[in-house]
Amino acid sequence: ETGVTQTPRHLVMGMTNKKSLKCEQHLGHNAMYWYKQSAKKPLELMFVYNFKEQTENNSVPSRFSPECPNSSHLFLHLHTLQPEDSALYLCASSQGAGGLETQYFGPGTRLLVL
Amino acid sequence: QKEVEQDPGPLSVPEGAIVSLNCTYSNSAFQYFMWYRQYSRKGPELLMYTYSSGNKEDGRFTAQVDKSSKYISLFIRDSQPSDSATYLCAMSATRSGGSNYKLTFGKGTLLTVNP
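The structure contained in this document is the topic of the report that follows.

About the thresholds
- Residues numbered from 1 in each chain as written.
- Chains lettered and ligands numbered in written order.
- Predicted model: local features only at pLDDT ≥ 70, side-chain atom pairs only at ≥ 80, totals over all residues.
- Heavy atoms only, no water.
- Buried < 20%, exposed > 50% of the residue type's maximum accessible area, 1.4 Å probe, protein only.
- Helix = DSSP H or I, 4+ residues; strand = E, 2+ residues; numbered from the N terminus.
- Pairing = 2+ DSSP bridges.
- Disulfide = S-S within 2.5 Å.

## Observations concerning the pairing of strand β4 (residues 32-38) of chain B
Residues and elements named next belong to chain B.
- In terms of burial, β4 is largely enclosed, as seven of its seven residues are buried.
- Burial along β4 is two-sided: Tyr-32, Met-34, Tyr-36 and Gln-38 facing one way and Phe-33, Trp-35 and Arg-37 facing the other are all buried.
- Sheet topology note: the β4/strand β5 (residues 45-51) ladder contains six bridges and is antiparallel. The partner of Trp-35 across the bridge, within β5, is Met-48.

## Overview of the state of the cysteines
- The full count for this structure, using the stated rule, is two disulfides over all chains.
- Two residues share a disulfide in this structure: Cys-23 of chain A and Cys-91 of chain A, whose sulfurs sit 1.9 Å from each other. Across the S-S bond of Cys-23 of chain A and Cys-91 of chain A the torsion is about -70°, and the bridge reads as left-handed. Placement of Cys-23 of chain A in strand β3 (residues 18-25) and of Cys-91 of chain A in strand β9 (residues 87-94) is noted, with a sequence separation of 68 residues between them. The residues Cys-23 of chain A and Cys-91 of chain A share a single accessibility class, namely buried.
- One disulfide in the model links Cys-23 of chain B with Cys-89 of chain B; its S-S distance is 2.0 Å. On the sign convention where negative is left-handed, the bridge of Cys-23 of chain B and Cys-89 of chain B, at about -100° about the S-S bond, is left-handed. A residue pair is termed long-range when its members are at least 10 positions apart, and Cys-23 of chain B in strand β3 (residues 19-25) and Cys-89 of chain B in strand β9 (residues 85-92) qualify at 66 residues.
- On the basis of relative accessibility, which here comes to 0%, the residue Cys-89 of chain B falls in the buried class.
- Between Cys-68 of chain A, a cysteine without a disulfide, and Cys-91 of chain A, which holds the nearest cysteine sulfur, the sulfur-to-sulfur distance is 9.0 Å.
- Relative accessible area serves as the criterion here: at 11%, Cys-68 of chain A is assigned to the buried category.

Below, the structure is given as structure tokens:
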């Protein structure tokens with residue numbers, strides 16, 4: 001079983017709600033990532049954190065707000081989302097964020113925005 | 001032109017068949033090539049990776065990279081029902097001026113191996 005856990009596994013929210021996704025890695029890694037996986041589209045990188053510092057924001061709308069309090073935990077705070085934000089949100093971690101680092105993925109949170 | 005093109009399938013084969021999965025790409029800076037496997041309701045897991053051109057074999061799986069044609073392949077020999085999953089190709093290039101690298105994924109190909 002993966003060393004990266006995500007909660008909740010499923011989430012349904014209205015456009016005016018505020019919710020948070022949580023990711024935890026038990027692998028001793030220093031880099032963590034948020035990806036969005038939509039049907040019929042490639043995996044899209046959203047954010048990268050390396051040693052708790054955000055090093056990549058891939059032009060993500062401000063209604064998605066990441067937080068990385070330490071190298072083991074990563075959150076994605078959601079507010080005033082749109083129906084097109086419905087997707088599988090995947091968290092990943094790697095030893096470092098440079099060079100050829102294998103990324104280990106969690107099982108994802110399936111999000112439905114009504 | 002999209003950076004990475006991958007036929008989403010679905011691809012359905014009988015057990016024991018040889019499966020060929022492919023991706024093409026347009027960015028000549030890509031030099032690291034990976035294949036991820038994603039089972040239903042799971043996150044992707046790294047299956048194989050190769051650097052630059054050439055072949056790499058791991059059990060029933062062989063990854064091939066042809067940089068001159070900007071074309072990569074994953075072959076599965078003696079396919080099993082347990083190989084049924086979505087296969088994602090991914091690529092990266094060293095980004096100048098920074099230590100981070102970014103994976104660019106294909107859409108994934110859904111493979112079903114029928115017993």
